[in-house]
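What follows is the residue order along each chain.
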Amino acid sequence: MNKRKSKKATIAARESDVPPEQQPPLFSLRYLEKEYSLSNCNKDEKAAFADTLHRLSQLSCREIKLSHRHGLGYEKIGKNVIRAPIPSHVDEGTNLIAFRFCGKAPMVCYRIGAVFYIIWLDRDFTLYPHS
């Protein structure tokens, strides 16, 4: 049992030593808002969402940051243009970013380290004005 605990501690220590930009992203659905959630997506949108997360997980955060916004990259979205209430767990200084998950339909999230917390899946383009 002790070997197992020490091995886990070693793995955790190695991961924490790697800067977030060099790590692959982690995606959290913990804060996904009900009105813009997966349950509102059709089968094809759900499949595209899963495929997008898988493709993004094969890159480092740095590679994603350098990718085109309509490819596997993202763009910043101002909180002032979001038509839904901003959840209380999103701090004032936190940047919102949008990835494309199904065609040009965005998933809007924020990032802490290598973790992207997805809040909205804007499948019908109603969350903010799109140009």
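In this text the structure is predicted, and so the values were computed from the model without any measurement. (Residues numbered from 1 in each chain as written. Predicted model: local features only at pLDDT ≥ 70, side-chain atom pairs only at ≥ 80, totals over all residues. Heavy atoms only, no water.)

> Whenever I open this one, the pairing of strand S4 (residues 105-112) confuses me. Can you help?
For a regular strand, side-chain orientation follows a simple rule: the groups alternate between the two sheet faces. Along S4, six of the eight residues are buried, which leaves the element largely enclosed by surrounding structure. Where strand S3 (residues 96-102) lies against S4, five bridges are found, and the strand directions are antiparallel. When the sheet's bridge partners are listed, Arg-100 is paired in S4 with Pro-106. Linking S3 back to S4 in an antiparallel pair, the connection comprises two residues, with Gly-103 at a positive phi of about 65°. With six bridges connecting them, S4 and strand S5 (residues 115-121) associate as antiparallel partners. Bridge assignment links Arg-111 to a residue of S5, and that residue is Phe-116. Between the antiparallel neighbours S4 and S5 lie two residues, among them Gly-113 with a positive phi of about 65°. (Buried < 20%, exposed > 50% of the residue type's maximum accessible area, 1.4 Å probe, protein only. Helix = DSSP H or I, 4+ residues; strand = E, 2+ residues; numbered from the N terminus. Pairing = 2+ DSSP bridges.)

> I would appreciate a short explanation of the sheet that holds S4 in the present structure.
The pairing of strands in a sheet happens through backbone hydrogen bonds and is either parallel or antiparallel. Ordered by their spatial adjacency, five strands build an open sheet running S1-S5-S4-S3-S2, and the pairing between neighbours is mixed. Looking at the sheet topology across the chains shown, the edges are occupied by strand S1 (26-28) and strand S2 (74-77). Neighbour-to-neighbour, the strand axes of this sheet turn through a mean angle of 40°, independent of strand direction. With four bridges connecting them, S2 and S3 associate as antiparallel partners. In the sheet register, Ile-77 faces S3, and the bridge partner there is Leu-96. Contacts from helix H2 (residues 43-57) reach S1, S3, S4 and S5, with the element oriented near 120° to S3. (Axes fitted to C-alpha atoms, helices over the stretch in contact; angles between N-to-C directions. Contact = heavy atoms within 4.5 Å.)

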